[in-house]
Amino acid sequence: MTILIIYIAVFVAAFLIVRKGVNRAMARRDFTSLKTVTFGDESAVRPDRWASVISVVTIFLLWGAFTGSKWVPVHAPGPFVGDTEFTYTLEAPDGSRDDATVYARVFNVGEDAAEPEVDPGDGFAKNDAIKVGAWRSALLLMDKNDEVKREDGAKVVAIDGQPVAPGGSVSVANGTVAITSKGSLNFSPAKGMQMEPIWLPPPEAVVARVGEIASAGYQNFTLWEHLYWSLFRVIVGFFFGALVGIPLGYAMGLSDWFRGWFDPIVEFMRPVPPLALIPLVIIWAGIGESGKIILLFLAALWIMTISARAGVSGVAISKVHAAYSLGASKWQLMRYVIVPNSLPEIFTGARVAMGVCWGTVVAAELVAAEKGAGMMIMVASRFQNTDIVIMGIILIGIIGYGIDILMRKAETWLVPWKGRV
Amino acid sequence: MSTLSIENISMRFDLPNGSHVQALKDVTLELQTGELMSVLGPSGCGKTTLLNILAGFLAPTEGRIMLNDHQVTGPDAERGMVFQQGALFEWMSVRDNVSFGPRMKGQKKSVYMPTVDHLLEVVGLQDFKEKAVYELSGGMQQRVALARCLANDPDVILMDEPLGALDALTREKMQGLVLKLWKETGKTIILITHSVEEALLLGERLLVMAPRPGRIHKEYRLPFADDGVGKDLREVKKNPEFAEKREEILSMIWDMEEEIMGRAEESA
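Within an unreviewed UniProt entry, the label attached to chain B reads Taurine transport system ATP-binding protein, and the organism entered is Roseovarius pacificus. As its UniProt record puts it under Sequence similarities (unreviewed entry), chain B is described as follows: "Belongs to the ABC transporter superfamily."

Under an unreviewed UniProt entry, chain A has the name Taurine transport system permease protein and belongs to Roseovarius pacificus. As recorded by UniProt, the Sequence similarities (unreviewed entry) comment attached to chain A reads in full: "Belongs to the binding-protein-dependent transport system permease family." A UniProt comment under Function (unreviewed entry) is attached to chain A, and it reads "Probably part of an ABC transporter complex. Probably responsible for the translocation of the substrate across the membrane."

*Asks:* What should I look at first to understand the overall build of chain A in this one?
*Replies:* The number of helices and strands found in chain A is 11 helices and 9 strands. In summary, chain A has a C-alpha radius of gyration of 33 Å against a globular reference of 22 Å for 421 residues, an excess of more than 25%. Seen through its C-alpha atoms, chain A measures out along the principal axes to roughly 115 × 65 × 40 Å. In chain A, which comprises 421 residues, the proportion classed as buried is 30%. Sequence-distant contacts, at least 24 apart, represent 64% of the contacts inside chain A between residues at least 6 apart.

*Asks:* How should the overall build of chain B be read in this particular structure?
*Replies:* Per the secondary structure count, chain B includes 10 helices and 10 strands. Relative to the globule expectation of 18 Å for 268 residues, the C-alpha radius of gyration of chain B, 19 Å, shows essentially globular dimensions. The principal-axis extent of the C-alpha atoms belonging to chain B is close to 60 × 45 × 35 Å. Considering only contacts within chain B whose residues lie at least 6 apart along the sequence, 70% involve residues at least 24 apart.

*Asks:* Would you mind going over the domain arrangement of chain A with me for this structure?
*Replies:* How big an interface is tends to be stated in terms of accessible area lost as the parts join. In terms of domain boundaries, chain A breaks down into domain 1 (2–65), domain 2 (82–189) and domain 3 (205–414). On a C-alpha basis, the centres of domain 2 of chain A and domain 3 of chain A stand 61 Å from each other.

*Asks:* Quick question: what am I supposed to make of the sheet that holds strand β5 (residues 155–159) of chain A here?
*Replies:* Within a beta sheet, neighbouring strands are joined by backbone hydrogen bonds and run either parallel or antiparallel to one another. Residues and elements named next belong to chain A. Read from one edge of the open sheet, 5 strands run β3-β2-β1-β5-β6, paired in mixed fashion. Of all strands in the sheet, those bounded by a partner on one side alone are β3 (128–133) and β6 (162–163). Note that β5 and β6 share 2 bridges and pair antiparallel. Bridge pairing in β6 links A158 to P163.

*Asks:* Looking at this structure, I do not really get the UniProt feature "domain: ABC transporter" (unreviewed entry) in chain B. What am I missing?
*Replies:* The UniProt record marks residues 4–236 of chain B with the feature "domain: ABC transporter" (unreviewed entry), using the residue numbering of this structure. The span residues 4–236 of chain B is 35% helical and 27% strand by assignment, and the distance between its end C-alpha atoms comes to 29 Å.

*Asks:* For this particular structure, what's the right way to read the pairing of strand β1 (residues 3–14) of chain B?
*Replies:* Regular strands place side chains that alternate from one sheet face to the opposite one. Residue and element names in this part refer to chain B. Here β1 pairs with strand β2 (residues 20–32) via 9 bridges, running antiparallel. Its bridge partner lying in β2, T3 is registered against Q32. What sits between β1 and β2 in their antiparallel hairpin is a turn of 5 residues, with G18 showing a positive phi close to 100 degrees. Of the pairings in the sheet, the one linking β1 to strand β4 (residues 62–67) comprises 5 bridges and is antiparallel in character. Paired with I6 across the two strands is I65, which belongs to β4.

*Asks:* Would you explain the environment of A:H321 in this entry?
*Replies:* Turning to its location among the elements, A:H321 is positioned in helix α8 (residues 317–325). Judged by the 19 C-beta atoms lying within 10 Å of it, A:H321 is partly exposed. If sequence neighbours within four positions are ignored, A:H321 has contacts with B:A55, B:F57, B:P75 and B:M81.

*Asks:* Which parts of the structure should I look at to understand unusual backbone geometry?
*Replies:* All names here are of chain B. The peptide bond linking R212 to P213 adopts the cis configuration, its omega dihedral lying at -10 degrees. Along the polypeptide, P213 turns up in the loop between β9 (205–210) and β10 (215–221). Even without a glycine there, the phi angle at N8 is positive, about 50 degrees. Summarising the element assignment, N8 is placed in strand β1. By C-beta crowding, N8 is classed as exposed, having 12 other C-beta atoms within 10 Å. Backbone geometry places D153, a non-glycine residue, at a positive phi of 50 degrees. Within the secondary structure layout, D153 lies in the loop between α5 (138–151) and β7 (156–160). Residue class for D153 comes out partly exposed when judged on the 14 C-beta atoms lying within 10 Å of it.

*Asks:* What is the right way to read the packing of helix α4 (residues 223–254) of chain A against helix α7 (residues 289–313) of chain A from this model?
*Replies:* In helix packing, the relevant descriptors are the interaxial angle and the interaxial distance, both defined with respect to the helix axes. Their axes nearest at 6 Å, the elements α4(A) and α7(A) cross at an angle of 35 degrees. Seen along the crossing, α4(A) lies across α7(A) with a hand that is right-handed.

*Asks:* Whenever I open this one, the sheet that holds strand β5 (residues 70–71) of chain B confuses me. Can you help?
*Replies:* All names here are of chain B. Spatial strand order, β2-β1-β4-β5: 4 strands in an open sheet with antiparallel pairing. Strands at the two margins of the open sheet, each flanked by one partner only, are β2 and β5. The strands touched by helix α1 (residues 47–55) within the sheet are β1, β2 and β4, with β2 carrying the most contacts at an inclination of about 60 degrees.

*Asks:* I keep staring at the interface of chain A and chain B and nothing clicks. Help me out?
*Replies:* With 17 residues of chain A at the interface, the matching set in chain B holds 20 residues. Among the elements of the structure, α8 and α9 (330–367) of chain A are those that each provide at least two residues to the side of chain A that touches chain B. It is α8(A) that provides the largest number of residues to the side of chain A that touches chain B, a total of 6 residues. Grouping the amino acids of the side of chain A that touches chain B by side-chain chemistry returns 10 nonpolar, 5 polar and 2 charged.

*Asks:* So what exactly am I meant to see when it comes to the domain arrangement of chain B here?
*Replies:* Residues and elements named next belong to chain B. Domain annotation for chain B reports domain 1 (3–78 + 156–267) and domain 2 (81–153). A separation of 25 Å is found between the C-alpha centroids of domain 1 and domain 2. Taken together, the contact pairs 17 residues of domain 1 with 15 residues of domain 2. Every element with two or more residues in the side of domain 1 that touches domain 2 is listed here: β7 and α6 (168–185). Looking at which element gives the most residues to the side of domain 1 that touches domain 2, the answer is α6, with 5 residues. Counted by class, the side of domain 1 that touches domain 2 contains 12 nonpolar, 3 polar and 2 charged residues.

*Asks:* For this particular structure, what's the right way to read the UniProt feature "transmembrane region" (unreviewed entry) in chain A?
*Replies:* Residues and elements named next belong to chain A. Taken from the UniProt record, the annotation "transmembrane region" (unreviewed entry) applies to residues 227–248, 268–287, 294–317, 346–367 and 388–407. Strand forms 0% of residues 268–287 and helix 50%; the C-alpha atoms that close the span are 25 Å apart. Here residues 388–407 is 100% helix and 0% strand, with 28 Å between the C-alpha atoms at its ends.

Conventions and cut-offs
Residues numbered from 1 in each chain as written. Chains lettered and ligands numbered in written order. Predicted model: local features only at pLDDT ≥ 70, side-chain atom pairs only at ≥ 80, totals over all residues. UniProt positions renumbered as here; feature names shortened; annotations may be inferred. Helix = DSSP H or I, 4+ residues; strand = E, 2+ residues; numbered from the N terminus. Rg over C-alpha atoms; globule rule 2.2 N^0.38 Å. Buried ≥ 20, exposed ≤ 12 C-beta atoms within 10 Å, placed from the backbone. Contact = placed C-beta atoms within 7 Å. Domains from an automatic or database assignment. Pairing = 2+ DSSP bridges. Axes fitted to C-alpha atoms, helices over the stretch in contact; angles between N-to-C directions. Left-handed = near helix turned anticlockwise from the far one by under 90°. Nonpolar A, V, L, I, M, F, W, Y, C, P; charged D, E, K, R; others polar.

The following block contains the structure:
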């Protein structure tokens, strides 16, 4: 909740500062800047690059601030670490009361810490000592050393002077103390507002993991090998999918018989999510490379078939007629008219197919694999290595984005007439 | 001498709802080499169907087309087509579009290149040879289409509203170009148009077709095309005879349109 409010505040503040300050100083003077109607004119809406930069920086700053990152100067309040104390009041069955103090030492998990040494003190309630890890809590059987115990009928009636009953809790300095239903005390030191590394590690821990896994490896393979295998499967699966799918799509676009024969198959297989095929592929081909490649082949096949078919049906009939009237044979029509004319559709299909394949390979590796990006993050999550999980997700995202950019570049290079006809 | 003869062409096909369409009925025509005939008619009179049959894209249900003493059965390089628009190959440069026909025949570059370059010069595109066709304006694209058709050296050129998508000024310039190319090359040309003025200006012969069933309504022989070669076409239009013919044909087509409307209202 706090994070959401901070995020909205940054959004609004950045908007006001950039719009009133920076943009005015760097006003553009192109045609679009002269448009007065921009609300509703989609072509006049251009992404504000300042907003993009601030958006990304904000996410990293929030991440760092709420994980106690060393890279970020400002932090949300962290968990309490150090020594603290509170007192409890024990009431004996005869109604007499005595106070005792609990000395608590809160330490960072993973560091060595000893319980503070405590003088037992006077009275029938004796002072206690406990140690608690930050973000954790500790149960205190406070009557263990007391002269009157719970089984004798003694009970805690107040903490730091505030009356309390079993099931209730009381705020003390640097934490809260709850009384369990059986009457013992449970001390939880203040957690602050930062995320525990086991939920969300700071950015530097994730970056450090990249270096570590890139050189030392994880689960018998280095980071690059994991990513390489995922990419390799995608490329091989997509390649075979395109190799079969494009000619099949052409055949369906050019022949009644092929169209009739494969229409039911394609129309049935198209809406089946590739992920739904994972169990069957594992049964048939196991969890090795061939299973993965068969799955990705199937994921790419239908998309490429349909895009090639759409490419053929998208040929303007006047182009076909013109080519025949100029003396082209069927083969020449195919080579010089139908194939180039369907390239834009095929590229659109290829972009979609690569995206689907990348998503499918990660999912398939999550289910079962010996290596690969998905397998890496799945195993890491079982061992609570959240930093590896986050690193994996970021790298998977970057690679998916990179694939899409490469496909777009290839498209503008190979099909420059797309959208300009 | 190549003669194009259209012999008793009829075209009739069934519709999915069980009725049938008589698109053409008993169309008979003969064209001599080098004649330019424009075809006019209200929509639905079958002029595009007739052109598609001539090109060989459709088979007539009765009758036959004879060209150079053989029967037309399918598309062939002897009959070139110029379409309204969208028939150029965007993935080829202007020069590759124009040289498409010779390349499909397997001609050597040294054979067709001079012709292609010459034709590009004739249509005024010598500076745009290497451009992509989508970079050209609509008028320039139609000039590429004309040059592409001529580069293949067909006996007959079939034009399906080739200037229909152009603005009025460009259209006038292109009409002059069509006349010039016709005279220079001596090709037989059949040109379908919606514009009465264009039909009068370009047609040495003018065919008016009537709808339902598509048939020949009236044929004219006109002097304006010969008058107009190499001249300002606006001068031709000022000829009182031109205005008279235009009015005559316009009212003829208007009457047909009204008849169609009347029949549609009756059946409705």
